[in-house]
Amino acid sequence: MAHENSPIIAGAAEAGTRNASLEDLAQILKRDQDAKVDMVAPASAITAVGGHITVTGVEPVLTPSGVTRADGAYRPTTVADEGVADKLKIPTAYLRRMRAEAVDLYDLNVNGWLAKDPSRRFLLRAFKGEPGVLRAWLSDGYKIIDHLDMLTAVLAGIRESGHSVNITGADLTERRMIVRVESEHIAALAPDLLRGYRSPFTGQTGDELPLVSAGFVITNSEVGSGRYAITPRIVAQVCGNGMTITKDAFGKVHIGARMDEGIIKYSEDTQEKNLALITAQTRDAVATFMNTGYVERKITEIEREAGREITSPAEAVEVVAKQLRFSDSVRDSVLNHFIKGGQTTAGGIMQAITATAQTLDDGDAAYELETQALSAMAIAAAA
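These notes cover the structure that comes with them.

What counts, and at which threshold
- Residues numbered from 1 in each chain as written.
- Predicted model: local features only at pLDDT ≥ 70, side-chain atom pairs only at ≥ 80, totals over all residues.
- Heavy atoms only, no water.
- Axes fitted to C-alpha atoms, helices over the stretch in contact; angles between N-to-C directions.
- Helix = DSSP H or I, 4+ residues; strand = E, 2+ residues; numbered from the N terminus.
- Parallel < 35°, antiparallel > 145°, perpendicular 65-115°, else oblique.
- Left-handed = near helix turned anticlockwise from the far one by under 90°.
- Contact = heavy atoms within 4.5 Å.
- Phe/Tyr/Trp six-rings, centres within 6.5 Å; stacked < 30°, edge-to-face > 60°.
- Buried < 20%, exposed > 50% of the residue type's maximum accessible area, 1.4 Å probe, protein only.
- Lys NZ or Arg CZ within 6 Å of the ring centre and 35° of its normal.
- Pairing = 2+ DSSP bridges.
- Core = buried A, V, L, I, M, F, W, Y, C linked by side-chain atoms within 4.5 Å.

A word on the packing of helix 3 (residues 78–88) against helix 4 (residues 92–101)
At step 1: Two elements in contact, helix 3 and helix 4, have axes separated by 9 Å at closest approach and are oriented at 125°. By the criterion of interaxial angle, the relationship of helix 3 to helix 4 is oblique. Considering the relative orientation of helix 3 and helix 4, their crossing is right-handed. Every residue of helix 4 that contacts helix 3 at Thr78, Asp81, Glu82, Val84 and Ala85 is listed here: Thr92, Leu95, Arg96 and Arg99.

Quick word on the packing of aromatic side chains
At step 1: Applying the stated criterion across every chain, the model contains two aromatic pairs.
At step 2: Between Phe122 and Trp137 the ring centres are 5.1 Å apart and the planes differ by 50°, which places this aromatic pair in the tilted class. One end of the pair, Phe122, is in strand 8 (residues 121–127); the other, Trp137, is in strand 9 (residues 132–139), and 15 residues separate them in sequence.
At step 3: With 5.4 Å between their ring centres and 50° between their planes, Phe289 and Tyr294 make a pair best called tilted. Comparing Phe289 with Tyr294 shows no difference in burial state: the two are buried.
At step 4: Looking at Arg99, its charged tip hangs above the ring of Tyr106, at a distance of 4.3 Å from the centre.
At step 5: Geometry around Phe127 places Arg135 over its ring, the cationic atom sitting 4.8 Å from the centre.

Points about the pairing of strand 13 (residues 228–236)
At step 1: The buried count for strand 13 comes to nine of nine residues, which makes it a mostly enclosed element.
At step 2: What you see with strand 13 is no split at all: Tyr228, Ile230, Pro232, Ile234 and Ala236 on one side and Ala229, Thr231, Arg233 and Val235 on the other are buried throughout.
At step 3: Summarising the sheet, strand 13 and strand 14 (residues 242–244) pair through three bridges and their orientation is antiparallel. Paired with Ile234 across the strands is Met243, a residue of strand 14.

Describing the environment of Thr282
At step 1: Relative to the helices and strands, Thr282 resides in helix 8 (residues 268–289).
At step 2: Spatially, the C-alpha atoms of Thr282 and Phe250 are 8.8 Å apart, while their sequence positions differ by 32 residues.
At step 3: Setting aside anything within four residues of it in sequence, one finds Thr282 in contact with Val154, Gly157, Ile158, Tyr228 and Ile230.

Quick look at the pairing of strand 9
The side chains of a regular strand alternate, residue by residue, between the two faces of the sheet.
At step 1: Of all eight residues making up strand 9, seven are buried, and the element is well covered by its neighbours.
At step 2: Pairing geometry for strand 7 (residues 72–76) and strand 9, over three bridges, is parallel. Residue pairing for strand 9: Arg75 is matched across the bridge by Val133.
At step 3: Between the end of strand 8 and the start of strand 9, which pair antiparallel, lie four residues.

Structural notes on the nonpolar core
At step 1: Membership of the largest hydrophobic core comes to 70 residues, with the highest contact counts inside it found for Phe216, Val320, Phe326, Ile349 and Ile353.
At step 2: Top contributing element to this core by residue count: helix 12 (residues 346–359), with seven residues.
At step 3: Once residues within four sequence positions are removed from consideration, Phe216 is found in contact with Ile158, Val179, Arg180, Val181, Ile230, Thr231, Pro232, Arg233, Val286, Phe289 and Met290.
At step 4: With 27 residues, the next largest nonpolar core counts Ile46, Val58, Leu95 and Leu124 among its residues.

Shown next as structure tokens:
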């Protein structure tokens, strides 16, 4: 289930980093932070040329790292192209096809729709370079909460809580940052939930180690792919399978006031207020989620459906896969992990999904699959 970390380079979020340590994550974020340039530009200053997005007429600004210039050409990521499609009302599938098969049509369509409303403004988030990388194309009312600031505030909130935790892994993708936090000391017995289950990674059984640890997962997007959130996550110690409880999440959407044109620089006062809020929310999340009572209540809720017997595993997995739109490879992996786990219940379906999530190289896919595990268990129990 282990994965090697991606190389630590500027722009690592674009390349993808899976299961990084806290130290490696912080180093990547610091390097990415230095490479970032964010700007609000009118449509009249933006042109598509050869599939790149070219920006002109943005005034340079002086920053602690030197003079920052925004003018130049940027290569859009998949996420940025999704933003172009959304904001200009171009069907995403058509935009992707134009990029792949007829880049001249890509330019023609993007430029044509930009010309319809030349005063309309957009927030463009990019990495510097020759050409640069366009990370996101967003509304100028999008509220920026950067990964590094959020991580700093979260760690401060954990320290203020006085609770001892481990960062068990972090993923950084084009879309989001995902940080998994687990308690060193808060755990509860879950013999019914883990009875008969065998870890596909170590062979150890849930009967031998029937403990579930308290934890939570921190997520944030810098590019419009979801809100900042702190979501409780309980972890089966026998296998590391994480059950994410999305209905109890703390969250904040990225909506703010309209921004002025030009390169974006936040005042120290604004940044301090944003960080203070995140620190306070983290402290509250630790108090709420990191206690035995909360874990025991969640175990009781899960066990209501987990014990339902599955008499036809292939059929049950197929039903779950269709309703939750799993790919064929994920469906096959879930069935394989269900068989290996030996727990022939709806809870076994949940364990198979969370085990599969651990094996995926794509951090986004792993996170999204894990958030579906409890829904999948309910579907299997009702099937």
